[in-house]
Amino acid sequence: MSDRLSYDQKKELPDSVFGLPERREYPMPDAAHVRAAEAYFRYCPDELKHRLAVAILQRAKLFGVDVESPVVLSYATAD
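Each value, and the rule that gives it
- Residues numbered from 1 in each chain as written.
- Predicted model: local features only at pLDDT ≥ 70, side-chain atom pairs only at ≥ 80, totals over all residues.
- Heavy atoms only, no water.
- Helix = DSSP H or I, 4+ residues; strand = E, 2+ residues; numbered from the N terminus.
- Contact = heavy atoms within 4.5 Å.
- Axes fitted to C-alpha atoms, helices over the stretch in contact; angles between N-to-C directions.
- Parallel < 35°, antiparallel > 145°, perpendicular 65-115°, else oblique.
- Nonpolar A, V, L, I, M, F, W, Y, C, P; charged D, E, K, R; others polar.
- Buried < 20%, exposed > 50% of the residue type's maximum accessible area, 1.4 Å probe, protein only.
- Polar contact = N/O pair within 3.5 Å; in protein donor to acceptor, adjacent residues only side chain to side chain.
- Phe/Tyr/Trp six-rings, centres within 6.5 Å; stacked < 30°, edge-to-face > 60°.
- Core = buried A, V, L, I, M, F, W, Y, C linked by side-chain atoms within 4.5 Å.
- Salt bridge = Lys/Arg side-chain N within 4 Å of Asp/Glu carboxyl O.

Caption draft 1: Geometry of the overall build of the chain. Looking only at helices and strands, one finds 4 helices and 2 strands in the chain. Moving toward the C terminus, one meets the helices and strands of the chain in the order α-β-β-α-α-α. Dimensions of the chain, computed from C-alpha atoms along their principal axes, come out at roughly 35 × 25 × 20 Å. Taking the contacts inside the chain whose residues are at least 6 apart along the sequence as the reference set, 49% of them involve residues at least 24 apart.

See below:
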């Protein structure tokens, strides 16, 4: 599966699958999209990185994805 969603596909997703649900950004409906969110993590605004990192780890666990980015891992454990 591609890590690209069309506008209509993204529109149909529930808020719960987004890394930043209030902004409906970083959709993670499957393993490929968890990997994409990890890859695009650097584009997330600094003030939202902790929340996105935690969401990536939660969705990664759900889909059996190993998060390898030390940056994502460090933001997830930061308070």
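Caption draft 2: Local environment of the packing of helix H3 (residues 49–63) against helix H4 (residues 70–77). Two elements in contact, H3 and H4, have axes whose closest approach is 8 Å; the angle formed by their N-to-C orientations is 110 degrees. The angle between H3 and H4 falls in the class roughly perpendicular. From H3, Lys49, His50, Ala53, Val54, Ile56 and Leu57 reach across to H4, where they touch Val72, Leu73, Tyr75 and Ala76. For the contact of H3 with H4, the residue count by class is 8 nonpolar, 1 polar and 1 charged.

Caption draft 3: Quick peek at helix H2 (residues 31–39). Within H2, burial applies to Ala31, His33, Val34, Ala36, Ala37 and Glu38. Those residues of H2 that are buried are in contact with strand S2 (25–27), H3 and H4. A side-chain oxygen of the first residue of H2 lies 3.3 Å from the backbone nitrogen of Ala32; this N-cap is Asp30.

Caption draft 4: Spatial organisation of the packing of aromatic side chains. Tallied over the entire structure, the rule returns 2 aromatic pairs. Ring centres of Tyr40 and Tyr43 lie 6.1 Å apart, and the angle between their planes is 35 degrees; on these two criteria the pair is classed as tilted. A residue is classified by how much of its surface remains accessible, and Tyr40, at 39% relative accessible area, is partly exposed.

Caption draft 5: Up close: the nonpolar core. Residues Leu52 and Ile56 are the most contacted members of the largest nonpolar core, which totals 18 residues. Counting residues per element, the ones that place at least two in this core are H2, H3 and H4. The leading source of residues in this core is H3, at 5 residues. Not counting residues within four places of it along the chain, the set of residues in contact with Ile56 comprises Met28, Val34, Ala37, Glu38, Phe41, Val67 and Val72.

Caption draft 6: Focus on the pattern of salt bridges. Using the criterion set out here, one finds 5 salt bridges in the structure. Notably, a salt bridge pairs Glu22 with Arg51, separated by 2.5 Å at the nearest N-O pair. Of this pair, Glu22 sits in the loop between strand S1 (18–20) and S2 while Arg51 sits in helix H3, and the two are 29 residues apart along the sequence. Under the relative-accessibility criterion, Arg51 is labelled partly exposed at 41%. A salt bridge links Lys49 to Asp46, with the nearest nitrogen and oxygen atoms 3.4 Å apart.

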